Amino acid sequence: MRPTLRFLSDDLVERVLDESMRVLAETGMEIRGAGMRRRLLDAGLPTDAAGDRILFPRAIVEKAIADAPRSFVLYDRDGRPHADLGGDRVHFVPGSSGLKWLDHRTGAVRLADSTDFVEYVRLGDGLDHISYLATAFSTNADIEAQVSDAWRLFMVLTNSRKPVVSGAFTEHGVPRMVELMQLFRADRGDLAARPMSIFTITATGNFRYSEDSCQNLIDCVEAGIPVEIVPVTLMGLVAPVTLVGATIFHTIDVLAGITMAQVIRPGAPVLFGGAPAAFHMKIASSPMAAIEAVALDAAYVAVAKSLGLPCQSYMALSDAPVLDAQAGAETFGSALVAALAGVNSVSGPGMLDYLLVFSPAKLVFDDDMCGQALRFVREVRVADDLPVQGLVDRLMADQHLIMADHTTAHWPAEMYLPSPVIDRDNRENWLKAGGKDTYARACDEVDRRLARYRPVETDPAVEAEMRRIILSGLEEQTELPTIPAAPEPTAEALAGAFPGARGEGAARGRRVNARRRGA
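These numbers were taken from a predicted model, which means no experiment stands behind them.

(A) Here's a closer look at the overall build of the protein. Broken down by element type, the protein carries 18 helices and 18 strands. The C-alpha atoms of the protein give a radius of gyration of 24 Å, which matches the 24 Å a tight globule of 519 residues would have. Projected onto its principal axes, the C-alpha coordinates of the protein cover approximately 80 × 65 × 50 Å. Relative to its full complement of 519 residues, the protein shows a buried share of 55%. Sequence-distant contacts, at least 24 apart, represent 75% of the contacts inside the protein between residues at least 6 apart. Accessible area for the protein stands at about 21,600 Å²; split by element, carbon and sulfur atoms hold 55% of it.

As structure tokens, then:
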């Protein structure tokens, strides 16, 4: 049996779905994309009396749900199966939409650039519990906005083989990104058959889809790229402050997106997703790690599970400004809820400060939090320990089970062994090793992992064509940003040793925590 979270009763889920479909059929959605609006009308969807809103009859929505796949597989850059999204299979992926970088070397928070981005990709490439990557944050002024999404995808594809969650931030950004990915497949059909990416489609709120979201959805579905429908449901601002009402509002937005995807191409892979937050009226903030937002995540995931659809959520993240106790509690708490709920694609690791700041130190910390959450939801099974009389006899004979055959056989698989970020030693030994806090240990782990990174080989002709595609979209720039080459890993790095590690001689200087330096 796999441990699970049952958050809504079957009866309440049905009522949520009934009310969502009623609103879709009677109030409908404002579809601002002319091309999408035309396709919906051609498919027989009616408008309201004023002709302003597209109505979604229940029969059409139910057919779309029936047409949507119950699962799909993401493939890596080289075309090998990598992640099966469906059922209760959980995958953690870095969060997206950041603008700033918390420099683990200086403790400074600043606008991110391409050097930071490629360092993040190389770091994430080696993390065991980060299933695939994301175009996680903007590189700001070092590349023109109209090609920035393609540029970030380029840096992922040339520095990691892992699949990637991405998306276009302009109305016509998807085709260029499809061109980049198609270079790693035989043809467009092969790219659709073996997708290497999920693209995010954001519902605008107020029961509306923008021009950008509509066109991106059309382009993704036609290219065979799986999409995640991600409403940013703000409880108390553009959605009810109460859980059931917010779940209904959220479900309305997602079902509209799923229906549009299936109208474009029946059978298009789509994730029932979201990025809810609770609107904090006293300070006008929108914490995504608020417990009410986590509850809304669990509620809409229960709706998705009832429909048999794969799902996504923004969890395993923190609104805290730095990696501290708040960040650890928010991240692990929501990661555990996501794992118990069976969220198939969990976006969030690495993110701080309301998704504005990406921290490489937090990413390696989060990798451990995600690993422990995944360990918690492993199937509970009998493992040569029922009945236990043989173990009882061994304990009585030896007064311990350390060398028992059962212990040596099962210990490697049963015990989760964290990275050096998680300190499992006593205080005396911790002080002897320098007394480093979690942030300092995480910074050391970032350096250790970057030193072990092995460059990913890319066909020079393919890389040149990718660069040409991006250069063709520039308007004023004449060159792409310079990406630093990854150094070859040293023998010391590959052996797992790094300066400052416990037992490795003199410790390096203590890291500067961003909070302590006043950032």
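(B) Representation of the sheet that holds strand 16 (residues 345-347). Ordered in space as 4-16-15, the three strands form an open sheet in which the pairing is parallel. In this open sheet, the two strands that pair with only one neighbour each are strand 4 (91-93) and strand 15 (312-314). Between one strand and the next, the sheet's axes are offset by a mean angle of 20°, whatever the strand orientation.

(C) Structural detail: the environment of Asp42. The topology assignment puts Asp42 in helix 2 (residues 34-42). On the basis of relative accessibility, which here comes to 65%, the residue Asp42 falls in the exposed class. Taking the C-alpha atoms as reference, Asp42 lies 9.7 Å from Val263; in sequence the two are 221 residues apart.

(D) View of the sheet that holds strand 17 (residues 351-352). Across the sheet, which stays open at both edges, the four strands sit in the order 6-5-18-17 with mixed pairing between neighbours. Of all strands in the sheet, those bounded by a partner on one side alone are strand 6 (109-111) and strand 17. Pairing of strand 17 with strand 18 (residues 357-358), which is carried by two bridges, proceeds in the antiparallel orientation. The residue bridging Met351 from the neighbouring strand is Phe358, located in strand 18. Sitting on the sheet, helix 4 (residues 114-125) touches strand 5 (100-102), strand 6 and strand 18, and the angle it makes with strand 5 is about 60°.

(E) Fine view of the pattern of salt bridges. The final tally for this structure, using the stated rule, is 30 salt bridges. Asp116 is the salt-bridge partner of Arg110, the closest N and O atoms lying 2.6 Å from each other. Judged by relative accessible area, Asp116 falls into the buried class, the value being 4%. In this structure, Lys436 and Asp444 form a salt bridge, with 2.6 Å as the shortest nitrogen-oxygen distance. Accessibility expressed as a relative area gives 3% for Asp444, which makes it buried. Taken together, the salt bridges that share partners define one network made up of Asp76, Arg77, Asp78, Arg80 and Arg161.

(F) Looking closely at the environment of Asp219. Tracing the backbone through its elements, the reader meets Asp219 in helix 8 (residues 211-223). Here the alpha-carbon distance between Asp219 and Ser419, two residues 200 residues apart in the chain, equals 41 Å. Among all residues touching Asp219, those that are not within four sequence positions of it are Glu171, Val174 and Pro175.

(G) Geometry of the packing of helix 1 (residues 10-26) against helix 3 (residues 58-67). Running from N to C, helix 1 and helix 3 point in directions that differ by 120°, and their axes come no closer than 9 Å. What the angle tells us is that helix 1 and helix 3 run oblique. For the pair helix 1 and helix 3, the contacting residues are Asp18, Met21, Leu24 and Ala25 in the first and Arg58, Val61, Glu62 and Ile65 in the second. Partitioning the contact of helix 1 with helix 3 into residue classes produces five nonpolar, no polar and three charged.

(H) Looking closely at the layout of surface pockets. As a volume, the largest pocket reaches approximately 570 Å³. In terms of lining residues, the largest pocket is bounded by 24 residues, among which Ser97, Phe169, Thr200, Thr202 and Val232 are the most central. Listed by contribution, the elements that provide at least two residues to the lining of the largest pocket are strand 8 (164-166), strand 9 (197-203) and helix 8.

(I) A look at the nonpolar core. Among the nonpolar cores identified, the biggest contains 146 residues, and Ile31, Phe56, Tyr120, Tyr209, Leu217, Leu255 and Phe272 are the most heavily contacted of them. With nine residues, the top contributor of residues to this core is helix 9 (residues 243-264).

(J) View of the packing of helix 2 against helix 8. Between helix 2 and helix 8, the shortest axis-to-axis distance is 7 Å and the interhelical angle comes to 65°. Looking at the two axes, helix 2 sits roughly perpendicular to helix 8. Across from Gly35, Met36 and Arg39 in helix 2, the residues of helix 8 making contact are Cys214, Leu217, Ile218 and Glu222.

(K) Highlighting the confidence of the model for the protein. The share of residues in the protein with pLDDT of 70 or more is 95%, and the mean pLDDT across the chain is 94. The low-confidence segment residues 515-519, where pLDDT is below 50, has 11 contacts with residues more than four positions distant or belonging to other chains.

(L) Seen up close, the packing of aromatic side chains. If you walk through the whole model with that rule in mind, you get 10 aromatic pairs. Ring plane angle 45° and centroid distance 5.5 Å describe the contact between Trp101 and Phe137, whose orientation is recorded as tilted. In this pair, Trp101 is assigned in strand 5 and Phe137 in the loop between strand 7 (133-134) and helix 5 (145-157), connecting sequence segments 36 residues apart. Aromatic side chains Tyr120 and Phe358 sit 4.9 Å apart centroid to centroid with 65° between the ring planes, which places their arrangement in the edge-to-face category. A residue pair is termed long-range when its members are at least 10 positions apart, and Tyr120 in helix 4 and Phe358 in strand 18 qualify at 238 residues. Accessibility expressed as a relative area gives 1% for Tyr120, which makes it buried. Counting every residue linked through ring pairs, the aromatic cluster contains Trp101, Phe117, Tyr120, Phe137 and Phe358.

(M) How the structure looks around a nonpolar patch on the surface. Together, Leu99, Leu111, Ile283, Tyr354 and Leu356 give the surface a local cluster of nonpolar side chains, amounting to about 460 Å² of exposed area. Position of Ile283 relative to the elements: it lies in the loop between strand 14 (277-278) and helix 10 (291-307). A relative accessible area of 57% places Ile283 in the exposed class.

(N) Broad picture of the side chain of Glu119. In this structure, Glu119 sits in helix 4. Given the relative accessible area of 16%, Glu119 is considered buried.

(O) The arrangement of the side chain of Ser419 in detail. Mapped onto the secondary structure, Ser419 falls in the loop between helix 14 (405-414) and helix 15 (427-432). Within polar-contact distance, the side chain of Ser419 engages the side chain of Asp368 at 2.5 Å. In this structure, Ser419 is in contact with Asp368 and Glu445, ignoring residues within four places of it in sequence.

Calculation criteria
- Residues numbered from 1 in each chain as written.
- Predicted model: local features only at pLDDT ≥ 70, side-chain atom pairs only at ≥ 80, totals over all residues.
- Heavy atoms only, no water.
- Helix = DSSP H or I, 4+ residues; strand = E, 2+ residues; numbered from the N terminus.
- Rg over C-alpha atoms; globule rule 2.2 N^0.38 Å.
- Buried < 20%, exposed > 50% of the residue type's maximum accessible area, 1.4 Å probe, protein only.
- Contact = heavy atoms within 4.5 Å.
- Areas by Shrake-Rupley, 256 points an atom, 1.4 Å probe, with all protein chains shown as cover.
- Pairing = 2+ DSSP bridges.
- Axes fitted to C-alpha atoms, helices over the stretch in contact; angles between N-to-C directions.
- Salt bridge = Lys/Arg side-chain N within 4 Å of Asp/Glu carboxyl O.
- Parallel < 35°, antiparallel > 145°, perpendicular 65-115°, else oblique.
- Nonpolar A, V, L, I, M, F, W, Y, C, P; charged D, E, K, R; others polar.
- 1 Å grid on protein atoms, 1.4 Å probe; cavity = no way out; pocket = protein on both sides within 12 Å on 5 of 7 lines; lining within 4 Å.
- Points joined across faces, edges and corners; volume = space filled by probe spheres on them.
- Core = buried A, V, L, I, M, F, W, Y, C linked by side-chain atoms within 4.5 Å.
- pLDDT = per-residue confidence, 0-100.
- Phe/Tyr/Trp six-rings, centres within 6.5 Å; stacked < 30°, edge-to-face > 60°.
- Patch = residues over 30% accessible without salt bridge, like charges linked within 9 Å, V, L, I, M, F, W, Y side chains within 5 Å.
- Polar contact = N/O pair within 3.5 Å; in protein donor to acceptor, adjacent residues only side chain to side chain.

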